[in-house]
Amino acid sequence: MDPVVVPILVAAIIVVFLVASTVRIVPQARRYNIERFGRYRRTLQPGLNLVLPVADRVNTKLDVREQVYSSDPRPVITEDNLVVNIDTVLYYQITDPRAAAYEVADYLQAIDQLTVTTLRNVIGSMDLEETLTSREEINSRLRAVLDDATGKWGIRVNRVEIKAIDPPHTIKEAMEKQMRAERDKRAAILHAEGERQAKILTAEGTKQKDILEAQGTQQAMILRADGEAKAVERVFQAVHRNNADPKVLAYKYLETLPHLASSDSNTFWVIPGELTEAVRTVTSAFGDQSTAGPPAAEQPEKAADDTSHESRVPELDVGSAVSLDAGAAADEAAKQAAAAVSDAKAEAAAAMSPQVPRRGQTSGA
């Protein structure tokens with residue numbers, strides 16, 4: 001080998017080594033602390049950086065992105081002397097790489113110990129129930145203390161969260177029993193409230209039903225009474241327009257009597273006491289028609305006939321009619337009314353024919 005080539009190769013290797021030692025490429029979100037002869041010189045930023053070979057060296061490489069640190073469960077005593085295990089989650093970010101490397105030996109261990117100390121101070125002033133329900137307050141107090149203490153370390157604590165609070169097993173059982181009793185109580189209250197509402201709604205429904213039925217019955221009775229009143233009024237007007245006399249009314253009364261017991265629901269029927277009066281009225285009506293045609297000389301004879309006719313008017317025994325059933329009473333009333341009407345018609349026919357001897361008159365008359 002040529003003796004000139006060897007020095008050239010050695011010089012080339014030395015140059016390459018020096019160039020490689022001079023150039024430092026820093027990735028994004030990274031920071032490199034440079035020491036020159038063991039003393040902090042500067043912090044390299046992301047990108048291409050030049051340093052002095054042999055004299056400058058990289059002491060620490062730090063990540064300035066937000067980091068997450070989860071601590072192990074630590075026992076903490078509450079104000080009511082209960083030991084609970086609490087583990088936390090810490091979100092932090094390095095803001096000053098120089099301070100993070102030179103102000104504290106191990107910033108993670110320092111943050112962990114500071115978190116435990118602060119947490120014991122905060123939890124020691126609260127009882128168990130308040131500890132379980134005041135996580136936001138605990139988080140805010142922890143963050144305030146940690147942010148103030150870690151500021152000189154070049155670290156900013158963005159957030160502190162309590163991941164779990166584990167009370168003793170006996171306390172868990174007592175809490176479960178209390179929770180179960182509270183739920184049973186709420187269930188019983190809700191059930192009673194539901195039954196109360198159901199009974200109220202049922203009573204209101206029954207009340208509304210009774211009111212509506214009463215109103216319906218009232219309206220029906222009013223309409224029925226109005227209809228009957230209008231019917232009676234029309235009948236009354238018709239009677240007055242036609243100028244009906246008591247004779248016609250008595251005759252219609254006798255015609256209506258047989259229909260009173262025609263219904264199947266009638267089991268008891270009483271013959272009115274004025275039936276005989278109605279029969280007399282009809283009889284006298286036909287007797288008056290007979291007196292209109294003959295001469296005045298026959299009036300004594302007519303009077304005798306009226307007397308004899310009145311003596312022949314069948315009288316109804318009201319006491320015996322009450323004892324009869326509805327059908328027998330109706331039949332008997334119909335027969336007596338028919339007999340009275342037939343006798344009245346016969347008397348009227350005899351009055352229209354003076355030559356024929358009247359029924360019921362004696363030969364001596």
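Numbering of residues starts from 1 in every chain and runs along the sequence as written. Thresholds applied to this predicted model are a pLDDT of at least 70 for local features of residues and 80 or more for the giving and counting of side-chain atom pairs; totals over whole chains, interfaces and linings are not thresholded and use all residues. Hydrogens and water are ignored here; the side-chain numbers use all heavy atoms of the structure.

**Student:** Just checking my understanding: could you explain the pattern of salt bridges for this structure?
**Tutor:** Two side chains carrying opposite charge are able to pair once their charged atoms lie near each other. Any Lys or Arg side-chain nitrogen located within 4 Å of an Asp or Glu carboxyl oxygen qualifies as a salt bridge. With the rule as written, the count across this model stands at ten salt bridges. Note that Arg30 is salt-bridged to Asp63, the shortest N-O span being 3.6 Å. Placement of Arg30 in strand β2 (residues 30-36) and of Asp63 in strand β5 (residues 56-63) is noted, with a sequence separation of 33 residues between them. Categorising residues by exposure relies on relative accessible area from a 1.4 Å probe, with only protein chains included: less than 20% of the type maximum marks a residue as buried, more than 50% marks it as exposed, and the intermediate range marks it as partly exposed. Accessibility expressed as a relative area gives 28% for Arg30, which makes it partly exposed. Arg159 is the partner of Glu161 in a salt bridge, and the nearest nitrogen-oxygen pair spans 2.8 Å. Looking at Glu161, the relative accessible area reads 24%, which means it is partly exposed. The class of Arg159 is partly exposed, set by a relative accessible area of 48%. Taken together, the salt bridges that share partners define one network made up of Arg30, Asp63 and Arg65. Put simply, DSSP marks the helices as runs of H or I at least four residues long and the strands as runs of E at least two long, and each gets a number from the N terminus on.

**Student:** Would you explain unusual backbone geometry in this entry?
**Tutor:** Most peptide bonds adopt trans geometry, and most residues besides glycine take a negative phi value. In the Ramachandran plot, Ala29 falls in the positive-phi region, its phi being about 65 degrees despite a non-glycine side chain. With respect to the helices, strands and loops of the structure, Ala29 is situated in the loop between β1 (23-26) and β2. For Phe37, which is not glycine, the phi torsion reads 55 degrees and is therefore positive. Within the secondary structure, Phe37 is located in the loop between β2 and β3 (39-44). Exposure remark for Phe37: the relative accessible area of 69% places this residue in the exposed category.

**Student:** How should I be thinking about the packing of aromatic side chains in this particular structure?
**Tutor:** Each aromatic ring pair is specified by the distance between its two centres and by the angle formed by the two planes. Two rings from Phe, Tyr or Trp (for Trp, the six-membered ring) form a pair when their centres are within 6.5 Å of each other. A pair whose planes differ by under 30 degrees is stacked, one over 60 is edge-to-face, and the rest are tilted. Here the structure, examined in full by the defined rule, presents two aromatic pairs. Ring plane angle 65 degrees and centroid distance 5.5 Å describe the contact between Tyr40 and Tyr102, whose orientation is recorded as edge-to-face. Of this pair, Tyr40 sits in strand β3 while Tyr102 sits in helix α2 (residues 97-102), placing them 62 residues apart in sequence. By relative accessible area, Tyr102 is classed as partly exposed at 32%. When the centroid spacing of 6.1 Å and the interplanar angle of 65 degrees are considered together, the rings of Tyr92 and Tyr107 count as edge-to-face. Remark: Tyr107 occurs in helix α3 (residues 107-123) and Tyr92 occurs in strand β8 (residues 83-94); sequence separation between them is 15 residues. Note on Tyr92: relative accessible area 4%, which makes it buried. For Tyr107, a relative accessible area of 18% corresponds to the buried category.

**Student:** What should I look at first to understand the sheet that holds β5 in this one?
**Tutor:** In this scheme, strands are said to pair when DSSP sees at least two bridges between them. The strand order across the open sheet formed by three strands is β3-β2-β5, and the pairing between neighbours is antiparallel. Only two strands of the sheet have a single neighbouring strand rather than two, namely β3 and β5. Neighbouring strand axes in the sheet, compared pairwise and without regard to direction, differ in orientation by 25 degrees on average. Helix axes are fitted to C-alpha atoms over the stretch in contact, other axes to C-alpha atoms as well, and angles between N-to-C directions run from 0 to 180 degrees.

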